[in-house]
There are 2 protein chains.
Amino acid sequence: MEEGTSKEPSHSECTEDAFQWDTREDCDVRQILDRIGDKWSLLVIALLDNRVLRFTELKKTIDGISQRMLTVTLRQLERDGLVRRTVHPVVPPRVDYELTPLGVTLHDTIQALVSWTEKHQNEIATARATYDSRDAVVR
Amino acid sequence: MEEGTSKEPSHSECTEDAFQWDTREDCDVRQILDRIGDKWSLLVIALLDNRVLRFTELKKTIDGISQRMLTVTLRQLERDGLVRRTVHPVVPPRVDYELTPLGVTLHDTIQALVSWTEKHQNEIATARATYDSRDAVVR
DNA sequence: CTGTATCCGTGCAGATACTG
DNA sequence: CAGTATCTGCACGGATACAG
């Protein structure tokens, strides 16, 4: 394993002395960002609503994720205590994934983000179109 | 400009026919993910609470962002209609950034995410420690 | 079925230098 | 001050092959 094992992406240490509003808060935000912003974690959490899903079910449903990335993502989420991984000692192997109580609380927050996106995607699309056309005129 | 101009990261097209729960929704989620998950956008939006900030002020406050990334991030947010950019024709130049009404609504949602992080960071840290120690034993 | 191991290409971010 | 332009590296993700 390569990046999955790395403890932190080696951000600058959280200095305690800055007065900026952020520095301490920054560390928190970066941590969550590096978790949910890694392109797949949010999807997985959103998908694991209150269900129990198997590895293959997740892979089929997410559509576009590679086996490797799903494994890495699930390991990270498991390490963070957001997802519980249950291995059934049967053959063929069966592994179930579900949200932990902590994961559920994050799911709620994430759901708000997803809802926001659905609600405002048209406005964003419009804004982009406007920006791009104006940009074209300037050029 | 390189990646700033790219319309979309060329995800697989949003097929309408899939029954997966996601595929349509996926597109929305991916879009917002690619926006807020790019490590800096969320920070900028959180920082721009209800203030007007200059380029340098943002750069100083965010602490760790490069000039280039701040520029790229701000352009993306402007394009998405989340941030308004105001250039004052003075010398030396002065450029103000502030959230648009749309940006404010996203800010609220993001704030919930930041709050979640602050509230649960200890639990995550504990979970990680547990996971790592157990991992060490197994090995 | 559920992974791990390895190789490999690319895209994103940092550093630096330059400009209006 | 507020950017652009360019080079560069390496971390990340995909593909593939293999294993328990």
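These figures come from a predicted structure and were not determined experimentally.

Visitor: What should I look at first to understand the overall build of chain A in this one?
Guide: The helix and strand inventory of chain A stands at five helices and three strands. Listing each helix as α and each strand as β along chain A from the N terminus yields α-α-β-α-α-β-β-α. Buried positions account for 44% of the 139 residues belonging to chain A. For chain A, long-range pairs separated by at least 24 residues make up 49% of all intrachain contacts whose partners lie at least 6 apart in sequence.

Visitor: Mind showing me how you'd approach the nonpolar core here?
Guide: Inside soluble globular proteins, nonpolar side chains tend to come together where they are buried. Within the largest apolar cluster, 58 residues are counted, with the highest numbers of intra-cluster contacts made by Leu48(A), Leu58(A), Tyr97(A), Leu106(A), Leu48(B), Leu58(B) and Leu106(B). In contact with Leu48(A), not counting residues within four places along its chain, are Leu53(A), Leu58(A), Val83(A), Tyr97(A), Glu98(A) and Leu99(A).

Visitor: Please clarify how the environment of Leu106(B) should be interpreted in this entry.
Guide: All names here are of chain B. Checked against the element boundaries, Leu 106 lands in helix α5 (residues 101-138). Judged by relative accessible area, Leu 106 falls into the buried class, the value being 0%. Separated by 24 residues in sequence, Leu 106 and Leu 82 place their C-alpha atoms 8.1 Å apart.

Visitor: I tried to follow the protein's contact with DNA strand C on my own but got confused; where do I start?
Guide: Near DNA strand C lie 22 residues; those nearest to it are Thr56(A), Gln67(A), Arg75(A), Arg85(A) and Tyr97(A). Those atoms of DNA strand C that come within 4 Å of the protein belong to sugar or phosphate at a rate of 65%. A distance of 2.7 Å separates a base nitrogen of DNA strand C from a polar atom in the side chain of Gln67(A). At 2.7 Å, a side-chain N or O of Arg75(A) approaches a phosphate oxygen of DNA strand C. Looking at the surface near DNA strand C, the elements with two or more residues in it are α3 (55-62), α4 (67-79) and β3 (94-99) of chain A together with α4 (67-79) of chain B.

Cut-offs and rules
- Residues numbered from 1 in each chain as written.
- Chains lettered and ligands numbered in written order.
- Predicted model: local features only at pLDDT ≥ 70, side-chain atom pairs only at ≥ 80, totals over all residues.
- Heavy atoms only, no water.
- Helix = DSSP H or I, 4+ residues; strand = E, 2+ residues; numbered from the N terminus.
- Buried < 20%, exposed > 50% of the residue type's maximum accessible area, 1.4 Å probe, protein only.
- Contact = heavy atoms within 4.5 Å.
- Core = buried A, V, L, I, M, F, W, Y, C linked by side-chain atoms within 4.5 Å.
- Near = heavy atom within 4 Å.
- Polar contact = N/O pair within 3.5 Å; in protein donor to acceptor, adjacent residues only side chain to side chain.

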